[in-house]
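The chain contents come next:
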Amino acid sequence: MSAVPVLTIDGPSGSGKGTLARRVAQQLGWQLLDSGALYRLLALAGARQGLAPLDESGHAALAGRMNIRFSSDSAGEENIFLENEEVSREIRTETAGEGASRVAAMPSVRSALTERQRQFAQWPGLVADGRDMGTVIFPAARLKIFLTASAEERARRRYKQLKDKGFDVSLAALSQELAERDRRDANRAVSPLKPADDAELLDSTGMSIEQVEQAVLTLAKTRQLFR
Ligand code: C5P
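Residues numbered from 1 in each chain as written. Predicted model: local features only at pLDDT ≥ 70, side-chain atom pairs only at ≥ 80, totals over all residues. Heavy atoms only, no water.

Novice: I'd love a proper account of the site of the ligand, names of residues and values included.
Specialist: Near the ligand, the surroundings consist of 15 residues, among which Arg40, Arg110, Asp132, Arg181 and Asp185 are the closest. Arg110 places a polar side-chain atom, nitrogen or oxygen, 2.8 Å from an oxygen atom of the ligand. Interatomic distance of 2.9 Å between a side-chain N/O atom of Arg131 and an oxygen atom of the ligand. Relative to its free-state accessible area of 460 Å², the ligand is covered by the protein chains to the extent of 97%. Residue assignment for the shell around the ligand shows that the elements contributing at least two residues are helix H2 (35-48), helix H4 (94-103) and helix H8 (171-187). The dominant element in the shell around the ligand, judged by the number of residues it contributes, is H2, at four residues. Residue composition of the shell around the ligand, grouped by class: four nonpolar, four polar and seven charged. (Near = heavy atom within 4 Å. Polar contact = N/O pair within 3.5 Å; in protein donor to acceptor, adjacent residues only side chain to side chain. Areas by Shrake-Rupley, 256 points an atom, 1.4 Å probe, with all protein chains shown as cover. Helix = DSSP H or I, 4+ residues; strand = E, 2+ residues; numbered from the N terminus. Nonpolar A, V, L, I, M, F, W, Y, C, P; charged D, E, K, R; others polar.)

Novice: Break down the environment of Ala63 for me, citing the residues and quoting the values.
Specialist: As for its placement among the helices and strands, Ala63 is situated in helix H3 (residues 56-65). Expressed as a C-alpha distance, the spacing of Ala63 and Arg116, which sit 53 residues apart in the sequence, is 9.1 Å. Apart from residues no more than four positions distant in its own chain, Ala63 is found in contact with Leu42, Ala112, Leu113 and Arg116. (Contact = heavy atoms within 4.5 Å.)

Novice: A description of the side chain of His59 should follow, citing residues and the corresponding values.
Specialist: One can find His59 in helix H3. His59 sits in the buried class, given a relative accessible area of 2%. Residues in contact with His59, not counting those within four places in the same chain, are Leu42, Gly46, Leu51, Ala52, Pro53, Val103, Met106 and Val109. (Buried < 20%, exposed > 50% of the residue type's maximum accessible area, 1.4 Å probe, protein only.)

Novice: Outline the environment of Thr135, listing residues and values.
Specialist: Examined against the element boundaries, Thr135 turns out to sit in helix H6 (residues 133-137). Separated by 59 residues in the primary sequence, Thr135 and Lys194 place their C-alpha atoms 7.9 Å from one another. Setting aside residues up to four positions removed in sequence, Thr135 forms contacts with Lys194, Pro195 and Ala196.

Novice: Account for H2, with residues named and values stated.
Specialist: Over its 14 residues, H2 runs 20 Å from end to end, which matches the ideal 20 Å to within 8%, given 1.5 Å per residue. The buried fraction of H2 amounts to 11 of the 14 residues, a majority that puts the element mostly inside the structure. Remark: Gly50 follows H2 within two positions and exhibits a positive phi of approximately 75 degrees. (Expected span 1.5 Å × (residues − 1).)

Novice: Lay out the packing of H2 against helix H5 (residues 107-118) with the relevant residues and their values.
Specialist: The geometry of H2 relative to H5 is characterised by a closest axis approach of 11 Å and an angle of 130 degrees between their N-to-C directions. Overall, the two elements H2 and H5 adopt an arrangement that is oblique. Crossing geometry of H2 relative to H5 is assigned as right-handed. Contacts between H2 and H5 involve Ser35, Leu38, Tyr39 and Leu42 on the former and, on the latter, Val109, Arg110, Leu113 and Gln117. (Axes fitted to C-alpha atoms, helices over the stretch in contact; angles between N-to-C directions. Parallel < 35°, antiparallel > 145°, perpendicular 65-115°, else oblique. Left-handed = near helix turned anticlockwise from the far one by under 90°.)

Novice: If you had to explain the side chain of Asp185 to someone new, which residues and values would you point to?
Specialist: The topology assignment puts Asp185 in helix H8. Since its relative accessible area comes to 3%, Asp185 is described here as buried. At 3.3 Å, the side chain of Asp185 and the side chain of Ser101 are in polar contact. In this structure the side chain of Asp185 is engaged in a polar contact, spanning 3.5 Å, whose partner is the side chain of Arg188. When neighbours within four sequence positions are excluded, Asp185 is seen to be in contact with Ser101, Arg131, Pro192 and Leu193.

Novice: Outline the sheet that holds strand S3 (residues 68-72), supporting the account with residue identities and numerical values.
Specialist: Judged by pairing direction, the sheet is antiparallel, and its three strands sit side by side in the order S3-S4-S5 without closing on themselves. Two strands bound the open sheet, and with one partner strand each, they are S3 and strand S5 (85-86). Along the sheet face, H2 touches S3, strand S4 (78-82) and S5 and points at about 35 degrees away from the line of S4. (Pairing = 2+ DSSP bridges.)

Novice: I'd like a rundown of the pattern of salt bridges, residues and numbers included.
Specialist: Any two side chains of opposite charge can pair if their charged atoms end up close together. Applying the stated criterion to the full structure yields 21 salt bridges. Residue Arg102 is joined to Glu98 by a salt bridge in which the shortest nitrogen-to-oxygen separation is 2.8 Å. In this pair, Arg102 and Glu98 are both assigned in helix H4, four residues apart and thus about one turn of the helix distant. We classify Glu98 as partly exposed; its relative accessible area is 22%. (Salt bridge = Lys/Arg side-chain N within 4 Å of Asp/Glu carboxyl O.)

Structure below.
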């Protein structure tokens, strides 16, 4: 049997990867892997267990045993559970993103999560979004997208997204936090944020989500990921 088709979407914070990945997966009827959520869940699980933020072996061990579950309700809203408690909202704060970015820089944490992420590749196909989906986790993916947008637009999008969820955030503070997180993600030694050599670069500045989705679906069709 041939391999499960995989479409990867990588890029910096706020580029719209998550929204795009969810829409494309829904359109195709494929599985979805929100890999950032795994790092966010791990940071939260570590904090709850009282691990020191820099305790690498503690976080790596926890990465293998934390009990997580993803589901979406009939309205398409995502529900994410950690040890059977719903934490969908809690992991979306910028503080959680910051914690995720710290544990994500630890090599043994990344290797502890590698197999867990690969298990999401199930028929009829997988859309995976993150930072290293195309470079490290699914190097043989049939289509790799690297999604960017200008720093201003990414901060604005993230601001709107958090505001819509009812979070009290400031655009200036958010811009700074995103810049810091991107700097750490791009400069870490293991799996830094960068496009795979065979990735399609897509700059979504000034594009609507519908236009971006269409561009990706057209590429997927051209590559015969689906009929
Ligand atoms: O995509 P999201 O903003 O939820 O990711 C949170 C953090 O998790 C990122 O800033 C990054 O440090 C880390 N991450 C990663 N590799 C991935 C996905 C996320 O290092 N594949």
